[in-house]
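# Observations on the model geometry
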Amino acid sequence: MPRMRKLLVAFVVAFLPQLATAQLSIEITGAGAQRIPVAVAPFAGEAALGPVITAIVKADLERSGMFRILEVPPMVPVPTEASAVNYAEWRSRLADALVQGSVALRPDGRFEVRFKLHDVVKGADLSGVAYTLSRDQTRATAHRISDYVFEKLTGIRGVFSTRIAYVVKRGPRFELKIADADGAGEETALASLEPIISPAWSPDGRRLAYVSFEAKKPVVYVHSLLDGKRHVAANFKGSNSAPAWSPDGSRLAVSLSRDGGSQLYLVNPDGSGVRRLASSNGIDTEPVFSPDGRTLYFTSDRGGSPQVYRMPAGGGEPQRVTFEGTYNVSPRISPDGKLLAYIARNGGKYQVTTMDLATRQTQVITDSDKDESPSFAPNGRMILLATVVGGRGVLSAVSSDGRVKQRLTISAGDVREPAWGPFTN
């Protein structure tokens, strides 16, 4: 587990030289106590699309930890969104909600997916949506349906249509990967024989900032996911590391050692406008903006041990935030600005810990012991992280209250440096 070496970014994650042979698979290792029982009837005509929409929607909802998916017996004819609903029958099956839908081929060769969501308890139609799509948009459409159902039943915006970034070691190569939130649709944004670390999504989800060692030193790049083009954002003398986007996407906070020890700076994404924010005799790194853009949280050992601090985003006097223990690093702020997540050392274990910024109460929310790189989902419900299981790196996710746990793995692969992308339109 990295100590202050990671703070200097000279630390290179020790990936095992194994080949990753498949996309991420997700195993649910813990679920919430109060889960809403939901029935998802097979979408009529969906076989024409290939990937089964029903299966994707069920898997999305189950994975959230907030729903219990009920078995639906074979039904002839297959019900559609236009079918009359026998609410008494579905209540007898202990369903609180029911999803019914259909798929139809349009004259133009595209498809139309229609669905309705029903409140079984109240015997009410909660409305539905129709989507027009091509065959290759099947999975994305299924995620949109899951998002709709999730929000209608919980009042919280769903994140099934969002994406994640992470780094995989394949033989001698490091690969920066982009995938759907369920691990499907994996694409390689960058492959290199040198380490790639610290990916950070721009607020619009169109760019990634990251650190690459391909120049035999850490350099910050900004990479467009639309056309694959990239440019250098910070390549000064010494270390260039830990990029973090401002909420409006106009600036990056970075840690640079151009003037000596690692300190915090602001820089425009094109590399211009470099401005130092603070000075200390220690290492200042891992900056992250608060959601309103007014505050920077960061890691510093200025007090003798690595702790989380904060200061005005334009520079100013830092204030220490964490006081329990002698090692607290990698701060991340929830999208609503109320919760701080970070890695704390507890009895030799490195675990994701949260702090309520209003009450200062803390909670260890993982049961693993080598956690790194926490990253909030854009709705604040889940936290993605890297950890080590069986001697190799895997990704995990845990709900912000610690009740729901997932493990994301690649067969015979080593995965690190996760970052959960933003909501996109």
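Structure's up top.
Described below are features of the structure shown in this document. Given the structure is predicted, the values throughout are model-derived calculations rather than measurements.

## Digging into the overall build of the protein
The helix and strand tally for the protein stands at four helices and 30 strands. Each principal axis of the C-alpha distribution contributes one length, and for the protein these read about 75 × 45 × 40 Å. The buried share of the protein, reckoned over its 425 residues, is 55%. In the structure as shown, the protein presents an accessible area of about 17,700 Å², 49% of it carried by carbon and sulfur atoms. Separation between the mean location of the 51 positive side-chain charges and that of the 42 negative ones in the protein comes to 3 Å.

## Things to note about the packing of aromatic side chains
Applying the stated criterion to the full structure yields seven aromatic pairs. Arranged with centres 6.0 Å apart and planes meeting at 25 degrees, the rings of Y210 and Y221 form a pair that is stacked. One end of the pair, Y210, is in strand β11 (residues 207-212); the other, Y221, is in strand β12 (residues 219-224), with eleven residues separating them in the sequence. An aromatic cluster is defined as three or more aromatic residues linked by ring pairs; in this entry it consists of F67, F150 and F160. A cation over an aromatic ring shows up here: R157 above the ring of F423, its NZ or CZ 3.9 Å from the ring centre. One Lys or Arg, K169, reaches over the ring of F174 and ends 5.2 Å from the middle of that ring.

## Describing the sheet that holds strand β22 (residues 328-333)
Read from one edge to the other, the open sheet built from four strands follows the order β22-β23-β24-β25, with strand pairing classed as antiparallel. Each of the sheet's edge strands pairs with one partner strand only, and the pair in question is β22 and β25 (362-364). Shown here is a sheet whose adjacent strand axes are inclined to one another by a mean of 25 degrees, direction ignored. In the sheet, β22 pairs with strand β23 (residues 339-346) via four bridges, with the strands oriented antiparallel. Each residue of the ladder has a partner; that of I333, found in β23, is L340.

## Things to note about helix α4 (residues 138-154)
With 17 residues, α4 should reach 24 Å at 1.5 Å per residue; the first-to-last C-alpha distance of 24 Å fits that figure. Listed in full, the buried residues belonging to α4 are T138, T141, A142, H143, I145, S146, D147, Y148, V149 and F150. On its buried face, α4 is in contact with α2 (53-63), β3 (67-70), β4 (97-105), β5 (111-119), β6 (124-133) and β8 (173-180). Two residues or fewer after α4 comes G155, characterised by a positive phi angle close to 80 degrees.

## Here we look at the environment of P195
As for its position among the elements, P195 is in the loop between β9 (187-192) and β10 (196-201). Sequence separation between P195 and E214 is 19 residues; the distance between their C-alpha atoms is 7.3 Å.

## As for the sheet that holds β3
If you trace the five strands from one edge of the open sheet to the other, you get β3-β2-β4-β5-β6, paired in mixed fashion. The strands lining the two open edges of the sheet, one partner per strand, are β3 and β6. On average, adjacent strands in this sheet sit at an angle of 25 degrees to one another, irrespective of strand direction. Of the strand pairs in this sheet, strand β2 (residues 36-40) and β3 are connected by four bridges, and their pairing is parallel. The partner of V38 across the bridge, within β3, is I69. Each of β2, β3, β4, β5 and β6 is contacted by α4, which is oriented at about 160 degrees to β6, the strand it contacts most.

Definitions and cut-offs
Residues numbered from 1 in each chain as written. Predicted model: local features only at pLDDT ≥ 70, side-chain atom pairs only at ≥ 80, totals over all residues. Heavy atoms only, no water. Helix = DSSP H or I, 4+ residues; strand = E, 2+ residues; numbered from the N terminus. Buried < 20%, exposed > 50% of the residue type's maximum accessible area, 1.4 Å probe, protein only. Areas by Shrake-Rupley, 256 points an atom, 1.4 Å probe, with all protein chains shown as cover. Lys, Arg positive; Asp, Glu negative; His and termini not counted. Charge placed at Lys NZ, Arg CZ, Asp CG, Glu CD. Phe/Tyr/Trp six-rings, centres within 6.5 Å; stacked < 30°, edge-to-face > 60°. Lys NZ or Arg CZ within 6 Å of the ring centre and 35° of its normal. Pairing = 2+ DSSP bridges. Axes fitted to C-alpha atoms, helices over the stretch in contact; angles between N-to-C directions. Expected span 1.5 Å × (residues − 1). Contact = heavy atoms within 4.5 Å.

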